[in-house]
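Architecture and fold: a report
Chain by chain, the residues run as shown.
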Amino acid sequence: MTAKEQKQRLKEIKKFNAKKYKEYNKNQRRKRAPESEYVTKMADNDNIIEFDDLKTYFYTDIGTVKAVDGVSFEIKRGKTIGVVGESGCGKSVTSLSVMGLLQGPTGQVAGGSIRFNQVGKNRAVDLTKLPVKEYEKIRGNEISMIFQEPMTTLNPVFTIGDQLMECIALHNPNMKKKDIEARALETLEMVGIKRDGMLDLYPHELSGGMRQRVVIAMALSCNPQLIIADEPTTALDVTIQAQILDLLRELKDKINASIMLITHDLGVVAEMADYVVVMYAGRIVEQGTADDIFHHPAHPYTIGLMKSKPMLGEHVDRLYSIPGNVPNPINLPEHCYFKNRCEMCVDKCEGAYPELISLSETHKVSCYLRENEVKGEN
Amino acid sequence: MSEINYVVDAKGVKKYFPIKSGLLQKTIGHVRAVDGVDIRIKEGETFGLVGESGCGKSTLGRTLLRLIEPTEGQISINGMDMTKLKREELRKVRPSMQMIFQDPFSSLDPRMPVGEIIGEAVREHGIVPASEYRDYILKIMEDCGLRPYYIDRYPHEFSGGQRQRICIARALALNPKFIVCDEPVSALDVSIQAQIINLMEELQEKRNLTYLFISHDLSVVQHISDTIGVMYLGSMVENGSTEDIFANPLHPYTKALFSAVPIADPDVKMNRILLEGDIPSPANPPSGCKFHTRCSQCMEICKNKVPEVKDMGNGHTVACHLYNN
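Summary of the structure given here. None of these values were measured; they are calculated from a predicted model. Every residue gets a number counted from 1 within its own chain, in the order that chain's sequence is written. Here chains are named by letter from A upward and ligands by number from 1 upward, in the order in which they appear as written. It should be noted that, the model being predicted, local features are given only for residues of pLDDT at least 70 and side-chain atom pairs only at 80 or more, the latter also being counted only at that level, while totals for whole chains, interfaces and linings use all residues. Side-chain measures were taken over the full set of non-hydrogen atoms in the model, leaving aside hydrogen atoms and water.

Along an α-helix, residues three or four apart share an orientation, since each turn contains 3.6 residues. Those residues of helix α3 (residues 114-125) of chain B that fall on the buried side of the exposure criterion are Val-114, Gly-115, Ile-117, Ile-118, Gly-119 and Val-122 of chain B. Here a residue-residue contact requires only that any non-hydrogen atoms of the pair lie within 4.5 Å. Going along the chain from the N terminus, every DSSP run of H or I of four or more residues is numbered as a helix, and every run of E of two or more is numbered as a strand. Buried residues along α3 of chain B sit against α4 (133-143) and α5 (160-172) of chain B. Using a 1.4 Å probe on the protein chains alone, a residue whose accessible area is under 20% of its type maximum counts as buried, one over 50% counts as exposed, and one in between counts as partly exposed.

Set out below in C-alpha cells:
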C-alpha cells in the first residue's frame, strides 16, 4: 500500500468513526425513552439472561475491532456458566457489555441484544437499549460484578464501610442509616470476615484475599440475581483461590443467584461451572455442559487448550502447544479464525466462517470437522 | 557415590529488610523475607521453587545472584563464593548467571530495538569479536524461535509470548550456566505458556543449562522441575525430587497447597484441605513453626520450638515436628 492510499484509508476510517460517535452521543443524551423500546420478552422464562447475536465493536483510529462478533448464549437461573478463552478473545468485553461499562463512544454495542429477566418486576429488558437512568437501577442491584484486581477495585481513600454502605444506600433510598450499617455487617458476615471495627478499615490494611472478600460482599449487598465474576481469583494464591471459590459456590446457593464466571483457567471452570462457553477471537467456538466440554471436546481449539495445560499427577515429556498466535482483531479473515493454527484443517475451512452446529441438545460447536457427526446421528 | 557437581550451593541464606520509621528513620524491625534457607542445585537440573506470594521465593532468587545483598549466609555458584566477590569481580562472573523476569512487558526497554536488547550485554562483556556480533545475535534469535527480520523491531510490536522469547534470548546470549527464571510464564496465556516451556526445555538440553524455576503454578513446576522446594514465610519447609514430593507430600502445608490446585475435570471432586486465613506477616512471624497458625495438625510443641530439617531418605527433607520419630 502506498503512503497516499494509506492516508486515504485512514481518512475514511476517521469519517466512518465520526458518524458512529455522533449516533452514540445522540443516543446518550436522551433523558427518557418509552418503555416499549426496551421491554422485551425472554425466549425462555427460566433464563436469567440471554445473549442474542451480541456484537460489540471498538471504532479505533486504525480500524474497527470486532471484540465480540455475534455471540449467543443464555444463563439459566441458579446456574454457573464459565466463559473461557485467551486474552483478547472478547470474554471481558462481553461482561462489560452486560454492565453497560463500555468505554464509549469508541466501544459500543453494534448489534444484537442482551435480554435480562427482571424476576422481581416480572418483565424482561433489553440491556443494549436501556436508558442510563434505568441502567443505574439494575447495575449493582440486580446485576453486580466482581473484578479481577481487588486493590484497584476498592477506593484507597475511603473505608470499606463507606464503600459497602454507599452501594446499599444508593439502591435503597428509604433505608435508615442504622439499617444500612446492619446490612453492611451482615454481608461481611456472609463472606466470613465480620470483626469489630472492620467497617472502619481502609483497603490497604487488608490482605489480598480479604480485599477480594470485601469486593464480593459489595457485589452481594443488594442480593443480585446475576453475579459477573471477571477473573475473580487470578490475582490470588492457590490456597486463597480455593477459599474464594468455595465461598462463591456457597453464597450462590444461599441467595439463589446465577454466576457468569470469566476466566482463562480451565481448572477453575471445571470446578465451578455447570455450562461452559469457549471463545476465540470474539466468537463462540464451542459451548456445552461441563461434561460435554471436558470429556468430549469437539473444537480443535478446545482440544488444544486442554492438552497444552500440564496436569498435576501426569507426566508428559513435551507439552503440546498450539502453534502461532491469536489473529489480529482488525481485518479478521473471512474463513475460520482458527484455521492458521489448526492442525486438523480440511479443504472446507477455506470457505466461510463455520456456523454453530448442535452435536447434542446442549453441545454446540462451530467447526466443519464435526458436520458429519451431526448428519450421522440424524 | 561419585562426586555430584552442584552449580548452586547455598547455606543459611538470610535476607532481612529493615523497617524504618519516624523522623530519624530509625530501624524498628525487620521483614524476614528469607530466613535461613539451604539450597543446592545440580548441574543441568531444574529446581522448582513454589510457595504463596510473599513467601520470599523471588527474594531468594535475587539474593542468590546478588542482585540484592544477602544479610547472612554462604552462597556459592559455579564454585565461586558469591558473597565475597568485589564489584568488579562480580561483573566478570555475571555472564554465567542470568535472570528471566515475570513480566515481559516491563522488563524490555521500549526504546531499544530487539537486536540491541539482546546484544547490549554481549558487546559489553566482549563475548564475541565485533565482526561476528550480528551473526551471533541472529543465531541466538533463531535458537529462541525469533525470525531474523525482528532484529530491528521494537518491543511494542510483539505479543507477550514473543517478548518472553526475547527475554530468554537476552539471557542466553551471554552463554550462562545458571538462569533464575522468576515466574517466566505466569503472565502468558495457556497456549503460549506451553510454547515457552517447551522452548526452555529444549534449550536446557542443548546447552546443559541449570534453572531455578520460581512459580506459584504447581502444574507447571511439576512438569518442568527435577527437584522441588516448597517455601513458606521465608523458610524451606520441604525439599525433594519431583516424584517424591508429588507422590508423597509430607509437610501439612505442601499437602494443603497441592490439594488447592483446581483440576480440569468436572468429575474429580477434590478432598480439599482448606487453609484458614492468610499468610502471616513476615515482619512478625509466629513463634515456633511458622505454619502452626494455619496448620490442621498443630501440636503443643509446634508453638514453641522451631522444627529442624529432617532427611526422610532419598534427599527428601522436611521441617515438621510430625516426623520427629
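There is more to say, and it comes next.
With respect to the helices and strands, the residue Ser-95 of chain A is situated in helix α3 (residues 91-99). Those residues in contact with Ser-95 of chain A that lie beyond four places of it in its chain are Met-145, Ile-228, Asp-230, Met-260 and Ile-262 of chain A.

Phi is mostly negative for residues that are not glycine, and the peptide bonds are mostly trans. One non-glycine residue, Asn-331 of chain A, lies in the positive phi region at around 55°. Checked against the element boundaries, Asn-331 of chain A lands in the loop between α12 (300-308) and β12 (357-358). The backbone phi angle of Glu-183 of chain B is positive, close to 50°, even though this residue is not glycine. Position of Glu-183 of chain B among the secondary structure elements: in the loop between β7 (178-182) and α6 (190-207).

Below, the discussion takes up the pairing of strand β4 (residues 72-77) of chain B. Residues and elements named next belong to chain B. When DSSP finds at least two bridges between two strands, those strands are taken to pair. As defined by bridge partners, strand β1 (residues 6-21) adjoins β4 across 5 bridges and the pair is classed as antiparallel. The residue bridging Val-8 from the neighbouring strand is Ile-77, located in β4. Bridge count for β4 against strand β5 (residues 80-81) is 2 bridges, and the pairing is antiparallel. Bridged to Ile-77 within β5 is Met-80. Counted along the chain from β4 to the antiparallel partner β5, the turn is 2 residues long, and its residue Asn-78 has a positive phi close to 50°.

In this structure, His-264 of chain A sits in the loop between β9 (258-263) and α10 (266-272). His-264 of chain A has contacts with Val-84, Gly-85, Lys-91, Glu-231 and Thr-234 of chain A together with Val-190 of chain B, leaving out every residue within four places of it along the chain. Among the polar contacts made by the side chain of His-264 of chain A, one reaches the side chain of Glu-231 of chain A at a distance of 3.1 Å. Polar contact criterion, stated in full: a pair of N or O atoms within 3.5 Å, where within protein one must be able to donate a hydrogen and the other to accept it, and residues adjacent in sequence count only if both atoms are side-chain atoms.

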